[in-house]
Amino acid sequence: MKLHQRLPGAVAATIAIALTACNGDHSPSAAVQAHAANSSPASPELAAVYQRSCQTCHARGTSDAPLTGHGDAWQPRLDKGMDTLVDNVVSGMGGMPPYGLCMDCNAEQFRQLIRFMATPAEAEGQ
Ligand code: HEC
């Protein structure tokens, strides 16, 4: 009990994800999971949008959403082109509701959010 309480949030989240996720070779590494659990866009405005909308799904390995900072998961999606990605967020896709739950986001904000989430964790030195 005591030990569990002392685990930092990121480590606890990583353990929880490791126990539930089973994505074969493409599972995000512990470093990527910690990055996803702890990072936000640098701009305060964008960070606020990210935290209230996208983070719920994209920072946790418990949904099918590509994890923030997981380059391997994002590359095939980036290959579709930014316009397609923005369109898919706006119309919703699979487990993602329309607008990724940000009803007042514009296309430029979606592009910035996608760039942030798709940037590999390693590229940010984490
Ligand atoms: C309720 C959960 C949820 C929320 C909230 C959410 N997403 Fe997603 N997102 C998903 C899931 C699940 C997928 C994978 C869908 C699939 O591949 O079928 C996804 C996929 C994506 C993709 C890839 C689309 C493609 O064409 O491959 C982008 C881009 C994306 N999300 C951006 C966002 C942005 C930006 C936000 C916040 C404004 C957001 N998401 C909020 C669950 C969510």
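These numbers come from a predicted model, not from an experiment.

Outline the coordination of the iron atom of the ligand, listing residues and values.
Around the iron atom of the ligand, the protein contributes the donor atoms His 58 (NE2) and Met 96 (SD), at 2.0 to 2.2 Å from the metal centre. Considering all six donor atoms around the iron atom of the ligand, angles at the metal cover 83 to 179° and the coordination shape is octahedral. With His 58 in helix α4 (residues 44-58) and Met 96 in the loop between α6 (82-91) and α7 (107-118), this residue pair connects regions lying 38 residues apart in the sequence. Classification of His 58 as buried rests on a relative accessible area of 9%. Under the relative-accessibility criterion, Met 96 is labelled partly exposed at 23%.

Which residues make up helix α3 (residues 30-38), and what values go with them?
Every buried residue belonging to α3 is among Val 32, Gln 33, His 35 and Ala 36, and all of these are buried. With its buried residues spanning 160° around the axis, α3 presents them on a single face.

So what about the packing of aromatic side chains? Which residues, and what values?
The tally for this structure, following the rule as stated, stands at two aromatic pairs. Seen from their ring centres, Tyr 50 and Phe 116 are 5.0 Å apart, and the 80° between their planes marks the pair as edge-to-face. Separated by 66 residues along the polypeptide, Tyr 50 in helix α4 and Phe 116 in helix α7 bring together distant segments of the chain. In this structure Tyr 50 comes out as buried when scored by relative accessible area, which is 0%. Arranged with centres 6.5 Å apart and planes meeting at 35°, the rings of Tyr 99 and Phe 110 form a pair that is tilted. Placement of Tyr 99 in the loop between α6 and α7 and of Phe 110 in helix α7 is noted, with a sequence separation of 11 residues between them. You can call Tyr 99 partly exposed: its relative accessible area is 30%.

So what about the state of the cysteines? Which residues, and what values?
Evaluated as defined, the whole model comprises one disulfide. Note on cysteine connectivity: Cys 102 is disulfide-linked to Cys 105, with sulfurs 2.0 Å apart. Torsion about the S-S bond of the Cys 102 and Cys 105 cystine: about 85°, corresponding to right-handed handedness.

Conventions adopted
Residues numbered from 1 in each chain as written. Predicted model: local features only at pLDDT ≥ 70, side-chain atom pairs only at ≥ 80, totals over all residues. Heavy atoms only, no water. Donors = N, O, S within 2.8 Å, 3.2 Å for Na, K, Ca; no water. Tetrahedral: all angles 85-135°; square planar, octahedral: opposite > 155°, others 65-115°. Helix = DSSP H or I, 4+ residues; strand = E, 2+ residues; numbered from the N terminus. Buried < 20%, exposed > 50% of the residue type's maximum accessible area, 1.4 Å probe, protein only. Arc of directions from axis to C-beta. Phe/Tyr/Trp six-rings, centres within 6.5 Å; stacked < 30°, edge-to-face > 60°. Disulfide = S-S within 2.5 Å.

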